[in-house]
Amino acid sequence: MLQLLALHLVLALAAPTVFRYVGRRAFAILALAPASVVAYAVSITDQVRSGTAVTQAYSWMPDLGVDLTFRIDTLSWIMLFIVGGIGALVLIYCSGYFSAKATGSGRFGAVFVAFAGAMAGLVTAENTIVMFVFWELTTVFSYLLIGHYSDRKPSRRAAMQAIVITTAGGLAMLVGLIILGESVPGGYELATLLAAAPQSTAVNVALVCLLVGAASKSALVPLHFWLPAAMAAPTPVSSYLHAAAMVKAGVYLVARFAPTYGGELIWQILVLTLGLATFLLGGYRALRQHDLKLVLAYGTVSQLGMLIVLVGTGTKSAALAGVAMLCAHAMFKAALFLTTGAVDVIAGTRDLRRLSGVGRRVPSLAWAGGLATASMIGLPVTAGYVAKEAALEAFAHDGVPGAATWVGPLVFTVLVIGSAMTAAYGIRFWWGAFATKKSTPSAVVADSDEDLACIDPATIRRPSWLLSLPPLALAIAGVVLGFFPGWFESLVQPHAAQYSIGHEGHLTLWAGISPALIGTVIALTAGFGLFLARNHVERFQLRIGGKVEADYLYRRMMRKLDDVAADVTALTQRGSLPLYVGVIFSTFVIAAGIAVVMSPWPDRVRLWDSPAQIIPVAIICIAVILAVRSRRRLKAVLLAGFGGYAVAALFVLHGAPDLALTQVLVETITLVVLVLVLRKLPPYFSDRPLLRSRWSRLAIAIAAGVVMMGLALVASGARIHLPVSHQIADLIYEYGGGRNIVNVILVDTRAWDTMGEISVLLVAATGIASLVFLRRRTSNLERVGDLGGEATSQVWATETVTDRGAALRRRAEAAITKADPQRPTWLRAGRTLAPQRRSLVFEVVTRLVFHPIVLFAAFLLFSGHNNPGGGFAAGLIVGIALTIRYLAGGRYELAEALPVQPGLLLGLGLVLSVGTGVAGLITEGAMLQSTIWHFDLPIFGDVKMVSSWFFDVGVFLVVVGLVLDVLHSLGAEIDKQGEVQP
Amino acid sequence: MNIDAAYLVPLPVVIPLVTAGLTLALWRVPKLQRLFAVAALALMVVVGATLLVAADSGALVMHLGGWDAPLGISLVVDRLSALMLTVSAFVLLCVLLYSLGQDIADGAAEAPVTIYYPTYLILAAGVSNAFIAGDLFNLYVGFEILLAASYVLLTLGGTGERIRAGAIYVVVALVSSVIFLTGLAVTYAATGTINLAHLAQRLPEIDPGVSLAIQVLLLLAFGIKAAIFPLSAWLPDSYPTAPAPVTAVFAGLLTKVGVYAIMRTQTLLFTETRLDNLLMILALATMILGILGAVAQSDIKRLLSFTLVSHIGYMVFGIALSTRTGMAGAVFYIIHHIMVQTTLFLVVGLIERRGGTTNLDRLGGLAKASPGLAILFFIPAMSLAGIPPLSGFLGKLGLLQAGVQFDEPLTWVLVAGAIVTSLLTLYAVVKAWNKAFWQAPTIELPQERLPRTMVFPTGMMLVAVLGLTFVAGPVYGYATRAADELMDPSVYITNVLGGTS
C-alpha cells in the first residue's frame, strides 16, 4: 500500500515537469497512479473475498501510538475500486477537458494525483490517526483544487469555505479519535478499538465528534453549503472529489463505526435526523437550480444524506443497501458530472434554461447522461434501482433497531418522498441538458439582465472521445451492475455481515409486490409529476425561500469573527509602551503580592546596620523622586547619577570597597555617556500626554515598590540553610590563587558569567556604533597628521541652539588670540579645537594627569587578584582618562590618545578571555580552570602568577574598547556630523 | 558519564564567542568574517549533534574552572538541552546563510555587515548559554547576552520605525531582566544558593510562601520573554519591523528560550507547587487572544507574529499538564515551532522581495508569478496550522493526547481551546494565502527573480520542516526520553551534585 502511495507522490512531484514536455496528454500518464490502485485491488480480490483482510504495517511514531498500518477488508476494497477507477477515468477525461493552452495544468495534475493518493490512503488506513492524516490531506488538496481558477473571487471564497468547514469537522473528529484511542490500549488501531467497543460518556462524546467530522466532510445539514459553493472548481474536480471520492469519506467513516456503535441512541438520533434532513433539503434545493452543476451538487448533498442513513442505521439489510448505493452513486454521479463538463465545453454554458438541442447533436453524451440519470432516480434494471429497492425493503422490514415502532415507517416515508424529489430533479437535469427547447425562456425569473436566450444548437461543437467515453463507460457500468444483482450482492455482502442487528437483506431485480416496490412506483410517479410542474415548484421555492440559509449564516459568522478579532486585538494591542509596562508591573504586584502575603513575616525587622546608612538611603530616595519629577533631561540624568553614587556609599558602609570603586566608575562613565547623548536630544521631556493616567501609574509604581520591599523582607527571613559562600573564602586562596575574593570570583569561580557579561559589553558597544554610524562600522581614524599641517579650528565651532552657556563664552571669545600653529601646545590636537572652546587650564591638567591615571590603571590590573582592583575597574579608569583627553582636546585628541579601532580592542579582549578559558579546558580538563605558576624575578622576588590574570586582561581590553567606542561614536562622530562643513 | 563528550559542553558558547571576537577584530575583511561566521555555526551544529547522541546515555556536566557545584558554575547538557542546542544551531546556521545570501544579492548595501556577524554570533552564544546553564544566575547571564545582542539586531539600520519598535522591545526586556534579577536576589536571600540542582534540594525545604514568590518572579520574567498573556503585547509590536532574517531568528528562538526556562524551572525547582491550573488558564488565553490577533491582521509579518504568540500557548499547555506525555508534546512542539516560524519569516522576506510589500491587501498573484515561493510558503504555513502529516500536527496530536489522558474539566477546556486555535490558525494562513498568492495583484510585481543565495537556505529549512515528519518517530522518542528526564529531577540533581550532598 505504501508503495502505491509513494507512486502517487512521485507522479505528483514529477507532474509539472512531465506537463512541460508532453502537454495535456500528461494527464493520461498521471492516470497510471489511480489505475495501479485498481490493479492492486484486483490482485487481492481472492484474498479479500475469502474474508481475510490484507494488512501491512510500518513503524512511524510508536510513542504516540501512531504507526503506518493498513488493512483492506471488503469496504476498503470496494472504496479502492471507486477511488482508483473513477480517478483514472477522470484523469483521462481531463486531457480532453482542459484546453491545450491552459496554464497551470501541471499544478492541477500534481495536486489531483496527490489527492487520489490521499484518498486511497484514507480508505485503507487501519490506524485511526493515519486515517485522519489522509482525511486532512484530502481537505487540503481539495482546497487547492477548488481554488484552481484562483483569479476568480468565488473560487477563492469557495475554497476557503470548504477548507474551514471540513477542517472544523475534521478537528472535532480528531478529538473523537483521540478519546477513543485513549479509552482502550491500542485504541488507535481500528480493529482493536472496534473489537473492544468501549462504552462510557466520553465515548459518547467521541461518537458525536466523529459524526461532526463525517457531517462536515459529507456535506450534511447544516454544514452542507460548502459543497454547492465548491462547484467553482473545474468539473473534473467536482466529479471526482465532490461526487465519487472525497465526500464519501464521511460515509466511509460512518460505515466503519456503525457495525459497533450503530445501536447507540445518540448515534441513531444524529445519523437519522442529519441524514434524512439532508436528503430532503438537498433534493428540494436541487429542484430550483439552473446551473446543471448546482443541480447535481444539491443532488449529491441529498444522496449523501441517504447514504449516511443507510450505512449508519446499524441493521444488516440497510447496510447492504447502503454499500450498494455507495457504488451506484459513485458511478452515476461521476458520470453525470463528466457529462455536464462535456456539455459545458461543447456548448459554452451550463444553464439549463439556455441549453437546447445538445442531445440531438451529441447522442453519445445524451445516452451517458440518460443511463446515469436512470440509475440515479432508480429506474428498474440499474444499480441505483436495486440499491434503492433494498433500502426501502430494509426499513419496511427491519425498521430502526431499538427505536420506537413508528420510526421505521417514518424513515420509509421520508425515503419515498426524497426519492420522488430525486426523480424530479433527475429528469429535470436530463431534460435541461439534452432536450431541444423553444427559444422562449422558461419565464420564471424576473430579473432579465441575464441572457436567458437558448443557444443555437448549430454552434455546439462535437466532443472528442476523451470527453464522451469516460462518462459513457461509467454510466454503462452502472446499468450493467444492475443486471447482476446476485453478483453485486456477493461483492458488498461481507461488509453488511459485520453488522449484528436485523436480518440479511438482498439485492434483487424482482421481489414481488412489496412495500418497497410500491414505494418506488409512487416515488417515480410523483417525481415525474414534480418535473412537469417544475415551473410552479421553482416559483413556490422562490416565494417562500427565506434569507436564512446556512451559507448566509456562515458568512455572517465569519464576518462577526473578523470583527470580534479586530475588537479584541484593538483592546489588548494598544501599541502603548506605558500600558504594556503598566500591565507587566500590575501582574507583578498581584502575583508577587499574593506570594508575599502568604509568606510568614519575619519576627524582628532590623532597620539598619549602622545609622550612617540612613544618609545614602535618604539621598537615593530624594534623588529618585526628584528625577521622576524633573522635566529637564539633564537634571534627571544627574539626579539618577546621584542615586548611583549614594549606592556606592552604601557599598562602602557594608565594607565592600571593590564594589564601591566599580560602582563609582560605572556611574561616572554612564554620566559621561548620557551627557554626550543628551547633546542630540531636546533639553526637556515632551509634554505630558499621559497626564490623565498619571495617578494610576503612580499607584502601580508605589505598589510595585511596596511588593518589592515585602519580597526583600520575607526572603531574608526565610533562609534556613547556610549560603554556599561560607565555604568559599578559604578556597579562594587555596584554589583560586588570590586574596581578593571579589576579583577571584569574577575571574575564576564565576568567570563564565564574566565572560558572558563582557560579550554583552562588546555587543553594547557595537550596538551604539551601529546606531550612530548606521552604514559603516566606524569612520577611519582622523588624526592630527591627516590634517596636513593646516590648523583647522573648527571642532565644536558651532553652537547648538540649546547651549545656554554659549552666550557667556562668546564674551570671552574676543580675548583669545589666534594660536600660532608652530608653537608647541600642551595637547597635540589642541589646535584643532575652535578657539572659544579651548581651556588652557584643562589642557595642562590633562597633560599632567593622563599618564599617571593610566599607570594607576595598570597597577589595578596587576594587583587586582590580591587587592582591590582588577581588569574591569582598570579598564574603566583608562576609559575615564580617555574621556578627559577627549573633553580637553576634541576628537582629534582622542584619536591621538589611543590610535586604534575600538573594534580591535573589543574583539581581541573577548578572544583573549575566552581563549584563556579554552586553554584551561585543554590543559586542565575544565573550561576556565586556572593554573598557578611560581617564578623568581630579579627585583620582585618570588612572583605568583595565576592564569586567570590573562582572563582579566581580556576584560580590561573589552572595557577600554567599550569606552573608546562610546567616545568615538557618541562623541567624535556626532561632533563631526554637527560640524559645519567649511 | 561520558568524559570525552563532557569536554564539548562549553563549546556551543565558546565557539561563537571566539568567532565574534575574531570577526569584530577583522572588521576590514568581510570575506573572512563571513567564512568564520559560517564555519563557527556549522561547527556548532556538529557539536550539537554530538552532544545529542552523547546526552542520550546520560546528562553531561562540566564544573567550570574546576569549582565543584554548588560553588562554581555548572553547565549541564541533558537531552532537552542537547535537543535545543542542535535545533537552534541549525536554525541559526540557515538564517545566517540567508542573510549572507541577502548581502551577496544586494552587494552588502542593506546591513552594516561588519557588526552584523559579531552581534549575530553573540546572540547565538547567549541562546546556547541559556540552554546549558545549570545555574540560575548564569541563566540570567545567558538571557542578558541574547537580549543585548537582540537590541542591536532589532535596531539595525536605525530607521524611525525600528527605533520606535526597539524602544518598546528594549524597555519591556529590561523590565523582565529587572524582575529576573529580583527573583535571583530573593532566591539567594532565601536559600543561599543559585545552583539549579542545589536549589532543587533547598527550595522544597523553605517556607512555601517564599518559594511561591520565587516561582512567580521567575515565571513573570520568563513569561515576558516567552510572550505569555498578559505579558505578550510587546511582541507583535516589535518583531515585525526588524529585517527579515532577524525577525526569523527572533521568532524562532528567543521566545523558545523563555519557554525552555519555564520548562526547566517548573520541572526541576517547583515540583510540588506547580501552579498548573493558573498556567493552563494563561495558556488558553495566550492561544485564543493570540490567534484572534492573527485573524485581525492584514500584514503578513504581523499576522505571523500573532500566531507566534498564540502557539506559545500550546507549549505552556504541555508544560502545565506536567505529565510525561504532556512534556514530551511540549518538547516536540518547541522544535516544530522553532523550525516553522523561522522558515515562515524567511519566506516572508522573500515575499517582500518578490511582491514589494508584506501588506496582504496589496499583495497578489504570487502563486503564478513564483510557484517555487508558493511551495516554500504553503508547506510551512500548513504545518503551522497543524495540517497532517506535518510536524505541527504531530506536536498538536501529542498535546491533545496528553490533555485527553489527563481527563479533568480544565484540560477538556484546553483541548477545545487548542482545537479552536488550530482552526483559526488555518483560517488566518489560508486568508493570507488567498490574498498573497491567489488574488489578482493590485500592483505591478517587480520582475526580479529571487536570488538563489536566499532561496537555498530557505529551502534547507523547508527540507528540515518536512524531514521532521519523516523522522518523527525517533525525534518523538527522544522528546519522550527528554520528558522522562524532566519528570525525574533527582537524576539531574545527582548528576550535578554527585551522589552525596
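Rules used in this analysis
- Residues numbered from 1 in each chain as written.
- Chains lettered and ligands numbered in written order.
- Predicted model: local features only at pLDDT ≥ 70, side-chain atom pairs only at ≥ 80, totals over all residues.
- Heavy atoms only, no water.
- Helix = DSSP H or I, 4+ residues; strand = E, 2+ residues; numbered from the N terminus.
- Rg over C-alpha atoms; globule rule 2.2 N^0.38 Å.
- Buried < 20%, exposed > 50% of the residue type's maximum accessible area, 1.4 Å probe, protein only.
- Contact = heavy atoms within 4.5 Å.
- Lys, Arg positive; Asp, Glu negative; His and termini not counted.
- Charge placed at Lys NZ, Arg CZ, Asp CG, Glu CD.
- Areas by Shrake-Rupley, 256 points an atom, 1.4 Å probe, with all protein chains shown as cover.
- Expected span 1.5 Å × (residues − 1).
- Phe/Tyr/Trp six-rings, centres within 6.5 Å; stacked < 30°, edge-to-face > 60°.
- Core = buried A, V, L, I, M, F, W, Y, C linked by side-chain atoms within 4.5 Å.
- Salt bridge = Lys/Arg side-chain N within 4 Å of Asp/Glu carboxyl O.
- Polar contact = N/O pair within 3.5 Å; in protein donor to acceptor, adjacent residues only side chain to side chain.
- Patch = residues over 30% accessible without salt bridge, like charges linked within 9 Å, V, L, I, M, F, W, Y side chains within 5 Å.
- pLDDT = per-residue confidence, 0-100.

On to the overall build of chain B, then. Check the secondary structure of chain B and you find 21 helices and 2 strands. Against the compact-globule benchmark of 23 Å for 501 residues, chain B has a radius of gyration of 22 Å, which places it among compact chains. Counting only C-alpha atoms, chain B reaches 70 × 60 × 40 Å along its principal axes. The 501 residues of chain B split such that 73% are buried. In chain B, of all internal contacts separated by at least 6 residues, the share reaching a separation of at least 24 is 82%. Taken together, the 24 basic and 25 acidic charged side chains of chain B have centroids lying 12 Å from each other.

As a further point, take the overall build of chain A. If you tally the helices and strands in chain A, you get 38 helices and 4 strands. Taken as a whole, chain A presents about 40700 Å² of accessible surface, with 67% of it coming from carbon and sulfur. Taking the average location of the 74 positive side-chain charges in chain A and that of its 57 negative ones, the two points are 11 Å from each other.

Once that is clear, we can look at helix 21 (residues 465-483) of chain A. Residue and element names in this part refer to chain A. The end-to-end C-alpha distance of helix 21 is 26 Å, a good match for the 27 Å that 19 residues give at a rise of 1.5 Å each. Among all positions in helix 21, only Leu466, Leu467, Ser468, Pro470, Pro471, Leu472, Leu474, Ala475, Gly478, Val479, Leu481 and Gly482 are buried. Residues of helix 21 that are buried make contact with helix 5 (74-97), helix 16 (316-347), helix 18 (363-377), helix 19 (383-397) and helix 22 (485-496).

Moving on to the environment of Leu410 of chain B. All names here are of chain B. Structurally, Leu410 is set in helix 18 (residues 409-438). You can call Leu410 partly exposed: its relative accessible area is 26%. For the pair formed by Leu410 and Arg324, sequence separation is 86 residues and the distance between their alpha carbons is 18 Å.

Right, let's talk about the packing of aromatic side chains for a bit. Residues and elements named next belong to chain A. All told, the structure shown has 41 aromatic pairs over all chains when counted by the stated rule. Each ring, one from Trp430 and one from Phe434, has its centre 5.7 Å from the other, and the planes form 40 degrees; the classification is tilted. With Trp430 and Phe434 both in helix 20 (residues 407-434), this residue pair falls 4 residues apart, about one helical turn. Looking at Phe434, the relative accessible area reads 3%, which means it is buried. An aromatic cluster is built from Phe19, Phe27, Tyr93, Tyr97, Phe98, Phe108, Phe112, Phe115 and Tyr240, whose rings are joined through pairwise contacts.

Turning our eyes to something else, we now look at the nonpolar core. Among the nonpolar cores identified, the biggest contains 508 residues, and Phe257 and Trp752 of chain A together with Phe437 of chain B are the most heavily contacted of them. If we ignore the near neighbours within four places in the chain, the residues touching Phe437 of chain B are Ile351, Gly365, Leu366, Ala367, Leu373, Ala374, Phe377 and Ala432 of chain B.

Turning next to the interface of chain A and chain B. Many analyses report the size of an interface as the accessible area lost when the parts associate. On the side of chain B, 126 residues touch chain A, which itself brings 109 residues to the contact. Where chain A meets chain B, there are 3 salt bridges. For the salt bridge of Asp562 of chain A with Lys431 of chain B, the shortest nitrogen-to-oxygen distance reads 3.6 Å. Between the two partners, chain A and chain B, sit 26 residue pairs in polar contact (both at pLDDT 80 or more).

Residue and element names in this part refer to chain A. Residues Arg629, Lys635, Arg694 and Arg697 make up a contiguous surface patch of positive charge. One can find Arg694 in helix 30 (residues 694-717). Under the relative-accessibility criterion, Arg694 is labelled partly exposed at 34%.

This part takes up the side chain of Thr421 of chain B. Residues and elements named next belong to chain B. Mapped onto the elements of the fold, Thr421 is located in helix 18. Assessed through its relative accessible area of 0%, Thr421 is described here as buried. Among all residues touching Thr421, those that are not within four sequence positions of it are Met287, Ile288, Ile291, Ser310 and Tyr314.

Residue and element names in this part refer to chain B. Compared with an ideal rise of 1.5 Å per residue, which puts 22 residues at 32 Å, helix 13 (residues 300-321) spans 32 Å between its outermost C-alpha atoms and is within 8% of the ideal. Capping the start of helix 13, Asp299 holds a side-chain oxygen 2.8 Å from the backbone nitrogen of Lys301, two or three residues further along. Ser322 sits one or two positions beyond helix 13 and adopts a positive phi of about 40 degrees.

Further remarks concern the confidence of the model for chain A. Residue and element names in this part refer to chain A. Across chain A, the average pLDDT comes to 86, with 92% of residues at 70 or higher. Under a pLDDT of 50 for its full length, residues 799-804 has, in the predicted model, 9 contacts with residues more than four places off or in other chains. In the predicted structure, residues 806-819 sits below a pLDDT of 50 and forms 10 contacts with residues beyond four places in sequence or in another chain.

In this section: a nonpolar patch on the surface. Residue and element names in this part refer to chain A. Taken together, the side chains of Trp601, Val605, Leu607, Trp608, Ile614, Ile615, Ile619 and Phe642 make up a nonpolar region of the molecular surface, amounting to roughly 850 Å² of accessible area. It is helix 27 (residues 614-629) that provides the largest number of residues to the nonpolar patch, a total of 3 residues. Structurally, the position occupied by Leu607 is in the loop between helix 26 (577-598) and helix 27. Its relative accessible area of 69% is what places Leu607 among the exposed residues.

Take the confidence of the model for chain B next. Parts of the model with low pLDDT should not have their predicted coordinates read in detail. This prediction gives chain B a mean pLDDT of 90; 97% of its residues lie at or above 70. For this predicted complex, the interface score ipTM comes out at 0.94, while the overall pTM is 0.93.

Another point: the pattern of salt bridges. On inspection of all chains with the given rule, the structure shows 19 salt bridges over all chains. In this structure, Asp151 of chain A and Lys368 of chain B form a salt bridge, with 4.0 Å as the shortest nitrogen-oxygen distance. You can see Asp151 of chain A sitting in the loop between helix 7 (128-146) and helix 8 (153-183) and its partner Lys368 of chain B sitting in helix 15 (residues 366-369), one on each of two chains. Classification of Lys368 of chain B as partly exposed rests on a relative accessible area of 47%. Close ionic contact of Arg750 of chain A with Asp753 of chain A constitutes a salt bridge, the shortest N to O distance being 2.8 Å. Per residue, the accessibility class of Arg750 of chain A equals that of Asp753 of chain A, and both read buried. Within this structure, Asp56, Arg79, Arg481 and Glu485 of chain B form a network of salt bridges that share partners.

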